[in-house]
Amino acid sequence: MTYSSTAVINVPPPREVKPPPPTFKDPCSYSDPSKLLTHHIHLNLHIDLQRRLIISKATYTIRVIDPTEKSITLDIRAISITSITDPSTNTPLPYKIHKPIPDAATGDALTISLPVIENGLVTFCIQYETDGLGGDFSCGGACQWLHPKQASGNPFIFTQCQSIHARSVLPCQDTPAAKSTYSALVTIDEQSVKDDLQVVMSAIQQPLEKGDAENSWRFNCPVPVPSYLIAFAVGKLESRNISNRCKVWALPDVIKKAHWEFEHVEQFLKTAEGIAGDYVWGRYDILVLPSSFCYGGMENPMLTFVTPTLLSGDRSLVSVVIHEIAHSWTGNLVSCQDTCEFWMNEGFTVKLERRILRELYGSGREGLDAISGRNTLNEYIKRTGSNHKYTSLVTKLEEGDDPDDYYSCVAYEKGYNFLLLLEEYVQHDYNVDISEFFKDYYQRFSYQAISSSHFVEMFKEYYPKTSERIDFDEWIYGTGYCPQLANVDSKLVEQVEILIQRWITCFKEDALMGDEKNEFLSWDACQKLSFLSGLANKVMREDWWNEQHVLQLEETYKLNGVRNSEMRFWWCRLGVAAKWHGILDNVVEFVKEQGRMKFVRPLFRDLSVVYPCGDFAVKLFEEVTDSYHSLSRKMIQRDLNIA
Ligand code: BES
Ligand code: ZN
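Below: a short report on this structure. (Residues numbered from 1 in each chain as written. Chains lettered and ligands numbered in written order. Predicted model: local features only at pLDDT ≥ 70, side-chain atom pairs only at ≥ 80, totals over all residues. Heavy atoms only, no water.)

1. Topic: the overall build of the protein chain
Argument step 1. For the protein chain, the helix and strand inventory stands at 21 helices and 22 strands.
Argument step 2. In terms of C-alpha radius of gyration, the protein chain reaches 25 Å, essentially the compact-globule figure of 26 Å for 643 residues.
Argument step 3. Expressed along its principal axes, the backbone C-alpha trace of the protein chain runs to roughly 85 × 60 × 55 Å.
Argument step 4. Taken across its 643 residues, the protein chain has 62% of its residues classed as buried.
Argument step 5. Across the protein chain, the fraction of contacts at a sequence separation of at least 24, relative to all contacts at a separation of at least 6, is 72%. (Helix = DSSP H or I, 4+ residues; strand = E, 2+ residues; numbered from the N terminus. Rg over C-alpha atoms; globule rule 2.2 N^0.38 Å. Buried < 20%, exposed > 50% of the residue type's maximum accessible area, 1.4 Å probe, protein only. Contact = heavy atoms within 4.5 Å.)

Shown next, in the form of structure tokens:
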């Protein structure tokens, strides 16, 4: 089958973004979108991969909500400003840079005197340079410049702006409360042109215009998005079509594998549309990044970024892609207004993701993921303390707090369980499927940035009877584990649980397993993974867990050779916890191969606990740190207390 890669895309004209109320203050941003709201940003970017430098001229159109304002404040971090001008007169505009909180992750405040207002809008240009690294390594920045050996022989750069790293790439109102459209004209250095490098962005590629340099790229994002969704990558990228609106981008050595792994994306998208409503973004492409990418997936609009550790060869890890697809409604269309309300993005997205999984693979599959999510949540709350403010869905972050510290499974799993309980109650009280409500909710708050109270108000309006049974405040603002749990389909989980229990009994009684052990071999990768993570969660902190037990498992299932990244991760954790030296080569190789935080952070933490003498973890970290993204680096430094 052939598809035209520039299929005509019907993106509806953007609706107006509502400014937040005057009382609104995002603790992670110095801007005030309730008075002046970014309407459009045009980026003229030159990306120099040889010099590792971004040279940019950005033009801002700002909607004036409060005409008495004389200046606007934007967020920046380690950006060097060349000039700020009024494009209508080409005259410089006065500006000041201040550091409200020295060394804070929030960076600096750039305050610019405003030019004249015309039709309720003001326009100004900022010329600046940045390496996108966010200054010293204590905060991290959006960009990672890769050495050619990390990216199939050519230089590579990519960005990761969520939560507050957009400010290291461009001056902006770096709060999701300020959603704007954006466009870009991008050029790259001569050598990179010769090397045939490709630019991709979280936007729709446009035809070049008269006067554009031959080797340039134009993009447009006609739907208003928060700054954290602005993203780009440059490298030796190839693409393959999946359908007329989906394609996959990857380095030449993995493109074939990537295409196979994600071949069903169009089907996922259609299923999502059936549940959530029309997909408004036009294209849905996937970019498989080099292995240092610090997340599993990032929902950059029209172009999801993913880690190559999803390329398992058996399509067993595609739920990450389904999760990022779900963000097209929850997070990207309806956005949380600030990081404190992060669960409004992730909790709702996990809910939609697992609803799609239920549709595609049955309720047993949703149950499997739901239960392992509950285990993860339990572990996190045990480790953090059930009174800790980070265990509530909405957390009051303080000015200067680093949102990367706040990131955890709470927003995801507690959020999901809250919405799942609402689903169960609504089904019981009204005998209706809550999906219709969610669909209306995505419609009502499309193109907006909202808080939990918007959701609660709408829910109460639809389901007054159910609302009486729910303690919303406890769920949303209370700390600790879920107040109540909904029932989930546990048929797949039960098989797994039984085998885990059998093994534990054998381990403890020093007995041998019977033929029931072979059931494992008949399972798919998701059930196998659930077995390994479930077992690990039960035994890892037990005194009796030792080398003999891991060896028994190895003899039975030959797990040390498994290359499915999720299974390998749990296998490594089991081995480290048992102090089995035979696992160490595997662990070392694994943390050298990739920098996904979900895998490397717990492994470094485990190593530092199990081998505290000789600083095994610290030394290993020093060996790999240069190849990691600054965000992985800073978080591991904090975890290991070597910041
Ligand atoms: N938006 C998140 C990633 C993120 C969150 C980056 C906060 C920076 C700050 C993305 O959608 C996500 O949740 N990714 C998960 C995968 C998912 C299946 C839970 C990941 O990377 O593990
Ligand atoms: Zn997400």
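2. Details of the coordination of the zinc ion (ligand 2)
Ideal geometry at a metal centre gives angles of 109.5 degrees when four donors are arranged tetrahedrally and 90 or 180 degrees when six donors are arranged octahedrally.
Argument step 1. Protein coordination at the zinc ion (ligand 2): the donors are H323 (NE2), H327 (NE2), E346 (OE) and E346 (OE), at 1.9 to 2.7 Å from the metal.
Argument step 2. Coordination at the zinc ion (ligand 2) is irregular: its 6 donor atoms span angles of 53 to 160° at the metal.
Argument step 3. Spacing between the donor residues of the zinc ion (ligand 2) along the chain follows H-x3-H-x18-E. Assigned by exposure class, H323 and H327 land together as buried. (Donors = N, O, S within 2.8 Å, 3.2 Å for Na, K, Ca; no water. Tetrahedral: all angles 85-135°; square planar, octahedral: opposite > 155°, others 65-115°.)

3. Overview of the sheet that holds strand β3 (residues 71–76)
The strands that make up a sheet pair up through hydrogen bonds in the backbone, lying either parallel or antiparallel.
Argument step 1. If you trace the 3 strands from one edge of the open sheet to the other, you get β3-β7-β6, paired in antiparallel fashion. Strands at the two margins of the open sheet, each flanked by one partner only, are β3 and β6 (95–98). Ignoring strand direction, the axes of neighbouring strands in this sheet form an average angle of 20°.
Argument step 2. Examined bridge by bridge, β3 and strand β7 (residues 108–113) share 6 bridges and lie antiparallel to one another. Among the inter-strand pairings, T73 is bridged to a residue of β7, identified as T111. (Pairing = 2+ DSSP bridges. Axes fitted to C-alpha atoms, helices over the stretch in contact; angles between N-to-C directions.)

4. Some thoughts on the site of ligand 1
Argument step 1. With respect to spatial proximity, 16 residues lie near ligand 1, and among them Q162, G296, E299, E324 and Y412 are the closest.
Argument step 2. G297 has a polar backbone atom sitting 3.2 Å from a nitrogen atom of ligand 1.
Argument step 3. The side chain of H327 places a nitrogen or oxygen atom 2.9 Å from an oxygen atom of ligand 1.
Argument step 4. Protein chains bury 91% of the 530 Å² of accessible surface belonging to ligand 1 in isolation.
Argument step 5. When contributions to the shell around ligand 1 are tallied by element, the ones reaching two or more residues are β19 (297–298) and α4 (319–326).
Argument step 6. The residue makeup of the shell around ligand 1, split by class, is 6 nonpolar, 7 polar and 3 charged. (Near = heavy atom within 4 Å. Polar contact = N/O pair within 3.5 Å; in protein donor to acceptor, adjacent residues only side chain to side chain. Areas by Shrake-Rupley, 256 points an atom, 1.4 Å probe, with all protein chains shown as cover. Nonpolar A, V, L, I, M, F, W, Y, C, P; charged D, E, K, R; others polar.)

5. Notes on the sheet that holds strand β9 (residues 143–146)
Argument step 1. Taken together, 4 strands build an open sheet; the order of strands is β9-β10-β15-β12 and the sheet is antiparallel. Edge strands, defined here as strands with exactly one partner in the open sheet, are β9 and β12 (198–201). Averaged over all pairs of adjacent strands, the angle between their axes in this sheet comes to 10°, without regard to strand direction.

6. A few points about helix α20 (residues 616–624)
Argument step 1. Those residues of α20 that sit buried are A617, V618, L620, F621 and V624. For α20, the buried positions fall inside an angular range of 165° around the axis, keeping them on one side. Along α20, exposed side chains directed more than 90 degrees from the buried face belong to K619, E622 and E623.
Argument step 2. Packed against the buried residues of α20 are α18 (584–593), α19 (597–610) and α21 (630–639). (Arc of directions from axis to C-beta.)

7. Re the packing of helix α17 (residues 565–577) against α19
Argument step 1. Where α17 contacts α19, the axes come no closer than 10 Å and their chain directions differ by 5°. Between α17 and α19, the angle falls in the class roughly parallel. Taking contact as the criterion, the partners of S565, E566, F569, C572, R573, V576 and A577 in α17 are, on α19, K598, F599, P602, L603, D606, L607 and V610.
Argument step 2. For the contact of α17 with α19, the residue count by class is 9 nonpolar, 1 polar and 4 charged. (Parallel < 35°, antiparallel > 145°, perpendicular 65-115°, else oblique.)

8. A word on the pattern of salt bridges
Argument step 1. Overall, the coordinates contain 40 salt bridges when judged by the stated rule.
Argument step 2. When the shortest N-O distance is used, the salt bridge between E266 and R245 registers 2.9 Å. Of this pair, E266 sits in helix α3 (residues 265–276) while R245 sits in the loop between β16 (238–241) and β17 (247–250), and the two are 21 residues apart along the sequence.
Argument step 3. Across the pair R638 and D405 runs a salt bridge, and its minimum N-O distance is 2.9 Å. Here R638 is found in helix α21, whereas its partner D405 is found in helix α7 (residues 403–406), with 233 residues between them in sequence. (Salt bridge = Lys/Arg side-chain N within 4 Å of Asp/Glu carboxyl O.)

9. Re unusual backbone geometry
As a rule of thumb, non-glycine residues mostly have phi less than zero, and peptide bonds are mostly trans rather than cis.
Argument step 1. In this structure, S163 follows Q162 across a cis peptide bond, with omega equal to 0°.
Argument step 2. Position of S163 among the secondary structure elements: in the loop between β10 (156–159) and β11 (180–188).
Argument step 3. One non-glycine residue, R315, lies in the positive phi region at around 60°.
Argument step 4. Along the chain, R315 falls in the loop between β20 (303–306) and α4.
Argument step 5. Even without glycine at this site, N641 takes up a positive phi of about 60°.

10. What to know about the side chain of R218
Argument step 1. The topology assignment puts R218 in strand β14 (residues 216–225).
Argument step 2. Side-chain polar atoms of R218 contact the side chain of D212, separated by 2.6 Å.
Argument step 3. Every residue in contact with R218, bar those within four places of it in the chain, is listed here: H42, A184, L185, I204, Q205, Q206, P207, L208, E209 and D212.

11. A few points about the pairing of β16
Argument step 1. Note that β16 and β17 share 4 bridges and pair antiparallel. Each residue of the ladder has a partner; that of E238, found in β17, is A250.
Argument step 2. Linking two consecutive strands that pair antiparallel, namely β16 and β17, is a turn of 5 residues.

12. Looking at the nonpolar core
Argument step 1. Counting residues in each nonpolar core, the largest one holds 161 residues, and the members touching the most others are F262, W343 and F455.
Argument step 2. In terms of residue count, helix α8 (residues 409–430) provides more of this core than any other element does, 12 residues in total.
Argument step 3. Residues contacting F262, with those up to four places away along its chain left out, are I242, V248, I286, V288, V306, L310, L311, V318 and V321.
Argument step 4. F520, L559, F569 and L574 belong to the second largest nonpolar core, which has 58 residues in total. (Core = buried A, V, L, I, M, F, W, Y, C linked by side-chain atoms within 4.5 Å.)

13. Digging into the packing of α19 against α20
Argument step 1. Where α19 contacts α20, the two axes come as close as 7 Å, and the packing angle between them is 145°. Contacts between α19 and α20 involve F604, L607 and S608 on the former and, on the latter, F616, A617, L620, F621 and V624.
Argument step 2. When its residues are assigned to classes, the contact of α19 with α20 shows 7 nonpolar, 1 polar and no charged.

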